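Residues per chain, in single letters:
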Amino acid sequence: MTSTHHITLSLQGMSCASCSGRVDRALAALPGVSDVAVNLAAETAQMNVDTPARVGEVAVALDTLGYPARRATVTLNVASMSCASCVGRVDRALAGLPGVLEVNVNLASETATVTYLEGAIGPAELIAAATDMGYPATIAQQDAAEDRSARKNAEARESAKKALIAAALALPVFVMEMGGHMIPAFHHLIAGTIGQQVSWIVQFILTTLVLVGPGRLFYAKGIPALLRGAPDMNSLVAVGTGAAYLYSVTATFLPGVLPEAVRAVYFEAAAVIVVLILLGRFLEARAKGRTGAAIQALLGLQVRTARVLREGGAVDVAVEAIRPGDILLVRPGERIAVDGEVSEGTSYLDESMITGEPQPVAKAAGDSVTGGTVNGSGSFQFRATRVGADTTLAQIIRMVEQAQGAKLPIQGLVDKITLWFVPAVMSAALLTVLIWLVFGPDPALTLALVAGVSVLIIACPCAMGLATPTSIMVGTGRAAEMGVLFRKGDALQQLSGVTIVALDKTGTVTEGRPELTDLVLAEGFERADLLALVAAVEARSEHPIAEAILRAARAEGVPTLEADQFTSITGYGVRARVAGHEVLVGADRLMVREGVETGPLADHEARLAARGRSALFAAVDGRIAAVIAVADPVKSSSAAAVAALHRMGLKVAMITGDKQATAQAIARETGIDTVIAGVLPEGKVAALQDLRAGGARLAFVGDGINDAPALADADVGIAIGTGTDVAIESADVVLMSGDLRGVVNAVEISRATMRNIRQNLFWAFGYNTALIPVAAGVLYPAFGLLLSPVLAAGAMALSSVFVLSNALRLRRVRPAMVEGTAKSGVGAAPAAVPAE
């Protein structure tokens, strides 16, 4: 009899009976789906599916149909994960549930982020599935970063306490057994006083206390996992120490069972292995706590209370009680509680912890302020605009947490290997024992035991599971301190492999604040009259060039006119009626399109463009009236940033709607390699495709609404943080500073993190690959060397500590570019010199 799974999905977009009918027919037609019932009022679809995997096909079909099933994402804290094989098992347990679309299990942060279909499954079932596998789970709270740090500190303290107790008990065992081997006189002393048998009994008592006390956790977790057919690191330790212990117990109390030649005890191995692994866990827990330092720094910027003006007076309220529209009072030296707009007063704000820019920023009425920044000596009031989870700081924290929990493409291979690694190690240990028993010299049984236990202990895959996520956590945290936010985790890996960086011009390479430089009039037009007409039209436009013209009009005091029938012609210009005249303002292609002869002004426009000016034409009532030139100053850091990208081996291109001559003038000034000019907004994606010719991988940097398609299409989209929300939402990486130095730093931290991950993986895999044969005794025939289980335990513990310590080196990565003694990024990290 075939089992079926009943699921209920919550749907979006159904508005009438025909919608529900379409959904019903489409789902009923899917193979493996039966008993479909669609409810328009409840916006649900119930059905039976033959396998859990079929739910994913149902979700794809609903997406295609235009009635997507609602998705939800939950992050779980998962306990008892100790190695990469644990990660694989938790991943499989959660991914196998009907309705689960995506699972990301992170050993370093001990979390599992699950995306699932609402209705098909819920957090309770996810928690139950992980817990049933032996990994108790709970829903992570909003203050998870603080909880995690406290949990890691508590775990480190608990491991240290257990390690100290185990060490105190194991030390006499080690001295009695190993001291006798290393110092013959000490051996004779024991034999002549208490005797060997009493010595072994004392070792048995102390070792038993170690194993049932501090070492109990290895058996409590490892044995059940082994019985479930899903052995983990704890299973390896339990089997290895248990074998050494039981062999020693037999030699002590049932000596007749063993040949006289192999009667020996290995109590010291069992006891010291537990001590070393507990010591390793203490160091590991302490290091893990430090990997979240960036999140801790971000959380430290959040304000707990603020002074709000209510009923004529200022009262202290919890930041959670602040609502949009509230007026907040800020005193000298205070940290801003939420995002808002200054309504009264002036001051200077230190925004370095958000933008990385060192100079205090002047604030007056109408200016925006950002939560987390620090007020100077002034006092002012501001109106709250974004509070709670909507503030810039909250969004930064959310981005960093998401990036730290991301699974990079490189991790997929690691997961596949580590899933079968522990069973393979146990098989290798068993094979080692058999080979020693069959082919080994006397005492073969003793040598087989030593080699088998060493293989089990040395091959624990802790380092494999920690290699990638710890580097990601530390790397993305350091990036945030440098003002670089990775919104999507895989961008961290993708950015390290780009070969071309394509730049938008306005607001990216240039300041984005053009100034009017030239106004060449056609015969019969007066400057003041024409500037008034053009300013009236441009007052309705949001283009930066329009702002330049308006500023010039205000400065010259021309009359203020009103425009109506305004039309923006994307990529060409604008049109409107002003004081009874039809006015056109735009590029030469607009004049061609409208049949306006540019006449002698065309030569003026060409000369201005050659000098790097952005030139526009103005026409009044179908007659050319003037050529208007504005210059958008190149940002002071652009040329240096382009040079730094060149030193990194990257090519730099610029994509702009400006004329070729203007763009080339900017390219010459900044050192840009390739210019693609005259590109309409919808043509930027095609321009990127042209740059990709030959298999190049590219990043695109932009800040405007019209950059969003290109940001999404590029291999890595990088948004200047001063840009629009749309651009930022389309990007993979967000730069909090407003210039190209952030691009250089983003590439630097990406490369450094990937280099660190490769080092960790090489160590983790190379270490296990190299030392398993050594532990198995491959050196014994030639050199008579056999690795002690104690040394194997020490080496295994040090392997994880090495990986974590190597990842923590990323906290010292220096920004590739800083300005003067600038502080760099969120958390006001110290200024740095160019990277090594």
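Owing to the predicted nature of the structure, the values given are computational and were not obtained by experimental measurement.

A.B. asks: Please set out the overall build of the chain residue by residue, giving values where relevant.
C.D. replies: Scanning the chain from terminus to terminus reveals 30 helices and 28 strands. Residues classed as buried in the chain amount to 53% of the 836 residues present. Within the chain, residue pairs in contact and separated by at least 24 positions form 69% of the contacts whose partners lie at least 6 positions apart. Element-wise, carbon and sulfur atoms account for 58% of the exposed surface of the chain, whose accessible area totals about 34,900 Å².

A.B. asks: Before we move on, can you summarise the sheet that holds strand β17 (residues 500-504) with the specific residues and values?
C.D. replies: Taken together, seven strands build an open sheet; the order of strands is β16-β28-β27-β26-β17-β24-β25 and the sheet is mixed. Two strands bound the open sheet, and with one partner strand each, they are β16 (484-486) and β25 (674-676). Adjacent strand axes in the sheet meet at a mean angle of 20°, parallel and antiparallel pairs treated alike. Pairing between strand β24 (residues 651-655) and β25: three bridges, direction parallel. Bridge pairing in β25 places Ile-655 opposite Ile-676. Where helix α24 (residues 660-670) meets the sheet, its contacts fall on β24 and β25, and the angle it forms with β25 comes to roughly 155°.

A.B. asks: I'd love a proper account of the nonpolar core, names of residues and values included.
C.D. replies: Within the largest apolar cluster, 134 residues are counted, with the highest numbers of intra-cluster contacts made by Met-81, Leu-94, Leu-126, Phe-486, Leu-495 and Ile-718. The biggest single contributor to this core is helix α28 (residues 741-776), with 14 residues. Non-local contacts of Leu-495, meaning those with residues more than four positions away in its chain, are made with Phe-486, Ala-699, Val-716, Ile-718, Ala-746, Val-747 and Ser-750. Listed in part, the 43 residues of the second largest apolar core include Ala-532, Val-558, Leu-616 and Val-627.

A.B. asks: Kindly report on the environment of Gly-612, identifying the contributing residues and their values.
C.D. replies: Note that Gly-612 resides in the loop between α22 (601-610) and β22 (614-620). Sequence spacing of Gly-612 and Glu-669 is 57 residues, and the spatial spacing of their C-alpha atoms is 9.5 Å. When neighbours within four sequence positions are excluded, Gly-612 is seen to be in contact with Thr-662 and Ala-665.

A.B. asks: Describe the packing of aromatic side chains, and please don't skip the residues or the numbers.
C.D. replies: Here the distance between the centres and the angle between the planes together describe a pair of aromatic rings. Enumeration according to the criterion identifies seven aromatic pairs in this entry. Centroid distance Phe-204 to Phe-253: 5.0 Å. Interplanar angle 80°. Geometry classified as edge-to-face. Note that Phe-204 is positioned in helix α7 (residues 196-212) and Phe-253 in helix α9 (residues 233-253), a separation of 49 residues in sequence. Ring plane angle 35° and centroid distance 4.4 Å describe the contact between Trp-763 and Phe-802, whose orientation is recorded as tilted. One end of the pair, Trp-763, is in helix α28; the other, Phe-802, is in helix α30 (residues 789-808), and 39 residues separate them in sequence. Pairwise contacts between aromatic rings join Phe-204, Tyr-245, Phe-253 and Phe-267 into one cluster. Sitting above the plane of the Tyr-572 ring, Arg-589 keeps its charged end 6.0 Å from the centroid. The ring of Tyr-572 carries the charged tip of Arg-593 above its face, separated from the ring centre by 5.2 Å.

A.B. asks: An account of helix α3 (residues 84-95) is needed here, citing residue identities and associated values.
C.D. replies: Given a rise of 1.5 Å per residue, 12 residues ought to cover 16 Å, and the 16 Å separating the end C-alpha atoms of α3 matches this to within 8%. Buried within α3 we find Ala-84, Ser-85, Cys-86, Val-87, Gly-88, Arg-89, Val-90, Asp-91, Ala-93 and Leu-94.

A.B. asks: Provide a residue-level description of the UniProt feature "transmembrane region" (unreviewed entry) in the chain, including the pertinent values.
C.D. replies: Residues given the UniProt feature "transmembrane region" (unreviewed entry) here are residues 163-186, 198-215, 236-258, 264-283, 417-439, 445-468, 761-780 and 786-808. Structurally, residues 198-215 is divided into 83% helix and 0% strand, and its ends, taken at the C-alpha atoms, are 24 Å apart.

A.B. asks: Would you mind going over the environment of Arg-383 in detail, with residue names and values included?
C.D. replies: For Arg-383, the position within the fold is in strand β15 (residues 379-386). Sequence spacing of Arg-383 and Leu-329 is 54 residues, and the spatial spacing of their C-alpha atoms is 9.2 Å.

A.B. asks: Pulling in residues and values, what's your account of the sheet that holds strand β7 (residues 137-139)?
C.D. replies: Strands sit in the order β5-β6-β4-β7 across an open sheet of four strands; the sheet is antiparallel. At either end of the open sheet lies a strand with only one pairing partner, and these are β5 (100-106) and β7. Looking at each pair of strands side by side, their axes are set apart by 25° on average, direction ignored. Bridging between β5 and strand β6 (residues 111-117) involves six bridges; their strand directions are antiparallel. Looking at β6, one finds that Asn-104 is bridged to Thr-113. Where helix α4 (residues 123-132) meets the sheet, its contacts fall on β4 (71-78), β5, β6 and β7, and the angle it forms with β7 comes to roughly 155°.

A.B. asks: Just give me the short version of the packing of helix α15 (residues 444-458) against α30, but keep the residues and values in it.
C.D. replies: The contact between α15 and α30 brings their axes to 8 Å, and the two run at 5°. The orientation of α15 relative to α30 falls into the category roughly parallel. Taking contact as the criterion, the partners of Val-450, Val-453, Ser-454, Ile-457 and Ile-458 in α15 are, on α30, Pro-789, Ala-792, Ala-793, Ala-795 and Met-796. In terms of residue class, the contact of α15 with α30 is made up of nine nonpolar, one polar and no charged.

A.B. asks: An account of the pattern of salt bridges is needed here, citing residue identities and associated values.
C.D. replies: Enumeration according to the criterion identifies 18 salt bridges in this entry. Of the charged contacts, one joins Arg-386 and Asp-339 as a salt bridge, the two residues approaching to 3.4 Å between their closest N and O atoms. Of the two residues, Arg-386 sits in strand β15 while Asp-339 sits in strand β11 (residues 339-350), which places them 47 residues apart along the sequence. Exposure remark for Arg-386: the relative accessible area of 31% places this residue in the partly exposed category. Residue class for Asp-339 comes out buried when judged on its relative accessible area of 3%. One salt bridge in this structure joins Arg-697 and Asp-715, with 3.9 Å as the shortest N-O distance. Of this pair, Arg-697 sits in the loop between α25 (684-691) and β26 (698-702) while Asp-715 sits in the loop between α26 (708-713) and β27 (716-720), placing them 18 residues apart in sequence. Assessed through its relative accessible area of 32%, Arg-697 is described here as partly exposed. For Asp-715, a relative accessible area of 23% corresponds to the partly exposed category.

A.B. asks: Please set out a nonpolar patch on the surface residue by residue, giving values where relevant.
C.D. replies: Together, Leu-430, Leu-431, Leu-434, Ile-435, Leu-437, Val-438, Phe-439 and Leu-445 line one region of the surface with nonpolar side chains, adding up to about 800 Å² of accessible area. Looking at the nonpolar patch, the element that brings in the most residues is helix α14 (residues 409-439), giving seven residues. Of note, Ile-435 is situated in helix α14.

The rules behind each value
Residues numbered from 1 in each chain as written. Predicted model: local features only at pLDDT ≥ 70, side-chain atom pairs only at ≥ 80, totals over all residues. Heavy atoms only, no water. Helix = DSSP H or I, 4+ residues; strand = E, 2+ residues; numbered from the N terminus. Buried < 20%, exposed > 50% of the residue type's maximum accessible area, 1.4 Å probe, protein only. Contact = heavy atoms within 4.5 Å. Areas by Shrake-Rupley, 256 points an atom, 1.4 Å probe, with all protein chains shown as cover. Pairing = 2+ DSSP bridges. Axes fitted to C-alpha atoms, helices over the stretch in contact; angles between N-to-C directions. Core = buried A, V, L, I, M, F, W, Y, C linked by side-chain atoms within 4.5 Å. Phe/Tyr/Trp six-rings, centres within 6.5 Å; stacked < 30°, edge-to-face > 60°. Lys NZ or Arg CZ within 6 Å of the ring centre and 35° of its normal. Expected span 1.5 Å × (residues − 1). UniProt positions renumbered as here; feature names shortened; annotations may be inferred. Parallel < 35°, antiparallel > 145°, perpendicular 65-115°, else oblique. Nonpolar A, V, L, I, M, F, W, Y, C, P; charged D, E, K, R; others polar. Salt bridge = Lys/Arg side-chain N within 4 Å of Asp/Glu carboxyl O. Patch = residues over 30% accessible without salt bridge, like charges linked within 9 Å, V, L, I, M, F, W, Y side chains within 5 Å.

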